Amino acid sequence: QVQLVESGGGLVQAGGSLSLSCAASGRSFSMYVMGWFRQAPGKEREFVAAVTWRLGSTYYADSVKGRFAISRNNAKNTLYLHMFSLKPEDTAIYYCAARDYSGSSITERTEYNYWGQGTQVTISS
């Protein structure tokens, strides 16, 4: 089993920055992909960014490209999401996700089999 624990959420003004962390424990060495999803009130959970654990290839949703940066520290089994130029529409619960197989889609949430509990990010205008 793998446990994912997010931290770093909070309240930030529009235009500000915030960084999230996701600490993985358990069989994290076997992860193929780790990523971030978010869910705003009344909306479906959506893909934000992902990174392949071994090679470090990164993927971003168009809505965050150029503003968010995903990274990982393999030695610490930790995933990060650095968010810049934040907008009110970035307000959501942010979830860390991982999967232990290659899969066919980076952005499809149903292909991730491990999830964190989520951390709230609120951007004020």
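Treat the numbers as computed from the prediction; the structure is a model and nothing was measured.

S.K.: An account of the pattern of salt bridges is requested, with residue identities and associated values reported.
M.R.: Tallying each qualifying case throughout the model produces five salt bridges. Put simply, Arg38 and Glu46 hold a salt bridge, and the shortest N to O gap is 2.7 Å. Judged by its relative accessible area of 37%, Glu46 is partly exposed. Between Lys65 and Asp62 there is a salt bridge, and its shortest N-O distance comes to 3.2 Å. Assigned by exposure class, Lys65 and Asp62 land together as exposed. The network of salt bridges with common partners includes Arg38, Glu46, Arg67 and Asp90.

S.K.: I'd like a description of the pairing of strand 9 (residues 92-99), backed by residues and values.
M.R.: On a regular strand, each side chain points to the face opposite its neighbour's, so the side chains alternate between the two faces of the sheet. Where burial is concerned, most of strand 9 is hidden: seven out of the eight residues are buried. Taken together, the seven bridges between strand 4 (residues 33-39) and strand 9 define a ladder with antiparallel strand orientation. Across the sheet, Trp36 pairs through a bridge with Cys96, a residue of strand 9. Here two bridges tie strand 9 to strand 10 (residues 114-115), and the two strands are oriented antiparallel to one another. Considered in strand 10, the bridge of Ala97 is made with Trp115.

S.K.: Tell me about the sheet that holds strand 1 (residues 2-7), residues and numbers included.
M.R.: Spatial ordering of the open sheet is given by 1-3-8-7, a layout of four strands whose pairing is antiparallel. Edge positions in the sheet fall to strand 1 and strand 7 (68-73), since each of these pairs with one other strand and no more. Averaged over all pairs of adjacent strands, the angle between their axes in this sheet comes to 15°, without regard to strand direction. As paired elements, strand 7 and strand 8 (residues 78-83) share six bridges and run antiparallel to each other. Across the sheet, Phe68 pairs through a bridge with Met83, a residue of strand 8.

S.K.: Tell me about the layout of surface pockets, and please be specific about residues and values.
M.R.: Estimated volume of the largest pocket: approximately 170 Å³. Every residue lining the largest pocket is counted, 11 residues in all, and those nearest its centre are Tyr32, Val33, Thr52, Trp53 and Arg54. Residues belonging to the lining of the largest pocket are distributed by class as follows: seven nonpolar, two polar and two charged.

S.K.: Outline the side chain of Arg67, listing residues and values.
M.R.: Tracing the backbone shows Arg67 in the loop between strand 6 (58-60) and strand 7. With relative accessibility at 11%, the residue Arg67 sits in the buried group. A distance of 3.0 Å separates the side chain of Arg67 from the backbone oxygen of Ser63, its partner in a polar contact. If sequence neighbours within four positions are ignored, Arg67 has contacts with His82, Met83, Phe84, Ser85, Leu86, Lys87 and Asp90.

What counts and how
Residues numbered from 1 in each chain as written. Predicted model: local features only at pLDDT ≥ 70, side-chain atom pairs only at ≥ 80, totals over all residues. Heavy atoms only, no water. Salt bridge = Lys/Arg side-chain N within 4 Å of Asp/Glu carboxyl O. Buried < 20%, exposed > 50% of the residue type's maximum accessible area, 1.4 Å probe, protein only. Helix = DSSP H or I, 4+ residues; strand = E, 2+ residues; numbered from the N terminus. Pairing = 2+ DSSP bridges. Axes fitted to C-alpha atoms, helices over the stretch in contact; angles between N-to-C directions. 1 Å grid on protein atoms, 1.4 Å probe; cavity = no way out; pocket = protein on both sides within 12 Å on 5 of 7 lines; lining within 4 Å. Points joined across faces, edges and corners; volume = space filled by probe spheres on them. Nonpolar A, V, L, I, M, F, W, Y, C, P; charged D, E, K, R; others polar. Polar contact = N/O pair within 3.5 Å; in protein donor to acceptor, adjacent residues only side chain to side chain. Contact = heavy atoms within 4.5 Å.

Any functional reading would require information that these geometric values do not contain.
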